[in-house]
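# Results of the structural survey
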Amino acid sequence: MPAEISRETLARLSEYLKTQMGLYFPENRWDDLRRKMSQAMKDFDYQDLSGFIEWLVSSPRSRREIEILASHLTISETYFWREPRVFEALVEQILPELIRAREKGERRLRIWSAGCATGEEPYSIAIALRRVLPVPEDWRITIMATDINPGILRRATAGLYGQWSFRGLPKRLKEEYFHRKEDGRFEILPEIRKMVTFAYLNLVEDLYPLPLNNTNAMDLIFCRNVLMYFTPERAVQVGQRLYNSLVDGGWLMVGASELSQFTFPQFTSVHFPGAIVYRRETRESRPAEVFRLEEISSPTEIVQQEGGDPPPMWERWRRHPLCAKAHEYRWSRAHRQSRSHLLWPWIAPCLAVTWLRRSSSRAKRQRVTLRSVSERLPTKANS
Ligand SMILES: C[S@@+](CC[C@H](N)C(=O)[O-])C[C@H]1O[C@@H](n2cnc3c(N)ncnc32)[C@H](O)[C@@H]1O
């Protein structure tokens, strides 16, 4: 029977969990929270729940401590081929379209399962990909799977599953991609297992998109049944960061109950039979961003922008969103509590390369757009 804890203490604890892990425990879930904390305190060698909570919220906790806490507080319910209509859309339309678009250029696909739990989701994605691309050898495929709970990541890496994990998977796929062990469990085939890389990542605290942790330039992100446990504000922030992690035209899959214009206002909804998924539009189909007329008041200014000197390099660097993000993080509480500043000598060159590549292609695009717009604007001769 969980001990009595004051409402004040529970309110402080739920605020702490919200900021450190994004987890949302409103008042109507405090009984559940009390129960889970009573379990967690044993791993921290505490006998007294109230003392444990006081200790927890009193100062920043290490990553290891957050991991242990996560293993008690998060819900890792999942199974293969969850929401089958999404996988049908993936196999029949989304992946074939992506492959067609990349076939003649860089043969590369980058997929991220964020909040992957015990791995059923990223392995389902790998199976879907195998069906569309039976010989993936001459492709560079990344399927990255991350979670805040290292215990379940270890289970995911092992790739062994009980019958309950297969409640959504068509029987023929189970027979084709798993083999039965003597103990009655099913093991995923090694060629599917090695397509997926598992890693720890806290969607609230960790920095992304970032080449260093391989969270940038994604074609597809699955973040399903994760944000439903976050506060609405936190879910909006994560939604924006996932948007930034996608390439133009990239796709975001969220759980059916998580679809929301409030949480994902920057995405376009795309309807498939029985499934709705989000898409980051391509630049061509994003007129407001490609060229904002209201930002340029006269043709003279256009000419100046096109032909005049570009702003100094440091100024362009300072204005860049990546720099703004890094700056924001540099001064955030999360950063002060972590030792990630020690990573800056490695992060800075990666940011610089990404920025250089992006800004040179953007400058080229902007020149083309400005030229075509200035041709369309009235000149003294024809007005
Ligand atoms: C219900 S499972 C969803 C699994 C899978 N995506 C699916 O839809 O079947 C939610 C997962 O999100 C993870 N999670 C919760 N908070 C997280 C955070 N702040 N960062 C990363 N993962 C988190 C949990 O550990 C859990 O494994």
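What counts, and at which threshold
- Residues numbered from 1 in each chain as written.
- Predicted model: local features only at pLDDT ≥ 70, side-chain atom pairs only at ≥ 80, totals over all residues.
- Helix = DSSP H or I, 4+ residues; strand = E, 2+ residues; numbered from the N terminus.
- Contact = placed C-beta atoms within 7 Å.
- Pairing = 2+ DSSP bridges.
- Axes fitted to C-alpha atoms, helices over the stretch in contact; angles between N-to-C directions.
- Near = placed C-beta within 6 Å.
- Nonpolar A, V, L, I, M, F, W, Y, C, P; charged D, E, K, R; others polar.
- Parallel < 35°, antiparallel > 145°, perpendicular 65-115°, else oblique.
- Left-handed = near helix turned anticlockwise from the far one by under 90°.
- Core = buried A, V, L, I, M, F, W, Y, C linked by C-beta atoms within 7 Å.
- Buried ≥ 20, exposed ≤ 12 C-beta atoms within 10 Å, placed from the backbone.
- pLDDT = per-residue confidence, 0-100.
- Expected span 1.5 Å × (residues − 1).
- Arc of directions from axis to C-beta.
- Right-handed = clockwise from strand over helix to strand, strands pointing away.

Here the focus is unusual backbone geometry. The omega angle of the peptide bond from Tyr208 to Pro209 is 0°, so this bond is cis rather than trans. On the secondary structure map, Pro209 appears in the loop between β6 (196-200) and β7 (218-222). In this structure, Asp45 is a non-glycine residue whose phi angle is positive, near 60°. Mapped onto the fold, Asp45 is located in the loop between α2 (30-43) and α3 (49-58). At Trp81, a residue that is not glycine, the phi angle is positive and equals roughly 60°. By the element assignment, Trp81 lies in the loop between α4 (63-73) and α5 (84-103).

For Ile111, the location among the structural elements is in strand β1 (residues 108-114). Residues Ile111 and Asp219, 108 residues apart in the sequence, show an inter-C-alpha distance of 5.9 Å. If near-sequence neighbours (up to four positions away) are discounted, Ile111 is found in contact with Ile125, Thr142, Ile143, Met218, Asp219 and Leu220.

Attention now goes to the sheet that holds strand β9 (residues 268-272). What links the strands of a sheet is backbone hydrogen bonding, and the strands pair in either a parallel or an antiparallel sense. One open sheet holds the seven strands; their spatial order is β6-β2-β1-β7-β8-β10-β9, and the pairing between them is mixed. Of all the strands in the sheet, just β6 and β9 have a single pairing partner and so form its edges. The sheet shows a mean angle of 25° between the axes of neighbouring strands, taken without regard to direction. Of the strand pairs in this sheet, β1 and β7 are connected by three bridges, and their pairing is parallel. Counted as the bridge partner of Trp112 is Ile221 from β7. Sheet strands in contact with α5 are β1, β7, β8 (246-253), β9 and β10 (275-279), and its direction is about 35° off that of β10.

Moving on, we get to the site of the ligand. Around the ligand, the structure places 26 residues, and the nearest of them are Thr74, Thr78, Gly115, Ala117 and Leu203. Residue classes in the shell around the ligand are distributed as 12 nonpolar, nine polar and five charged.

Closest axis-to-axis distance for the helix α1 (residues 7-21)/α3 pair is 10 Å, and the angle between their directions is 40°. Classified by the angle between their axes, α1 and α3 sit oblique to one another. Both α1 and α3 take part in a crossing whose hand is left-handed. Of the residues in α3, those touching α1 at Thr9, Arg12, Leu13 and Tyr16 are Ser50, Ile53, Leu56 and Val57.

Formed by 74 residues in total, the largest nonpolar core has its most connected members in Ala126, Ile143, Ile221, Cys223 and Leu252. Considering every element that reaches this core, the biggest residue donor is α5, with seven residues.

On to the sheet that holds strand β5 (residues 186-188). Strand order in the open sheet formed by three strands is β3-β5-β4, with antiparallel pairing between adjacent strands. One side of each edge strand has no neighbouring strand; the edge strands of this open sheet are β3 (160-161) and β4 (178-180). Bridge count between β4 and β5: three bridges; the pairing is antiparallel. Across the sheet, His179 pairs through a bridge with Glu187, a residue of β5.

Of all residues in the protein chain, 76% have pLDDT values of 70 or greater, and the mean over the chain is 83. Every residue in residues 327-338 scores below 50 in pLDDT, and together they form seven contacts with partners more than four places removed in sequence or on other chains. Below a pLDDT of 50 lies the segment residues 376-383, which in the model reaches two contacts outside its immediate sequence neighbourhood of four places, other chains included.

The next point concerns the packing of α2 against α4. Following both chains from N to C, one finds α2 and α4 inclined at 145°, their axes separated by 9 Å at the closest point. Remark: the crossing between α2 and α4 carries right-handed chirality. Facing α2, whose interface residues are Lys36, Gln39, Ala40 and Asp43, α4 presents Ile68, Leu69, His72 and Leu73. Counted by class, the contact of α2 with α4 contains four nonpolar, two polar and two charged residues.

What follows covers α5. With 20 residues, α5 should cover 28 Å at 1.5 Å per step; its first-to-last C-alpha distance of 27 Å lies within 8% of that length. For α5, the set of buried residues is Val86, Phe87, Ala89, Leu90, Ile94, Leu95 and Leu98.

Turning next to helix α7 (residues 150-158). Listing the buried residues of α7 in full gives Ile152, Leu153 and Ala156. Down the axis of α7, the buried side of the element spans an arc of 105°, and every buried residue falls inside it. Summarising the contacts, the buried residues of α7 are in contact with β2 (140-147) and β6. Note on α7: the residue one or two positions beyond its end, Gly159, has a positive phi of about 70°.

Okay, the pairing of β7 next. Of all five residues that make up β7, five are buried, and the element is covered over most of its length. Both β7 and β8 contribute to a ladder of four bridges, which runs parallel. Looking at the pairing, Ile221 lines up with Leu252 of β8. The parallel pair β7 and β8, bridged by helix α10 (residues 232-245), forms a crossover whose chirality is right-handed.

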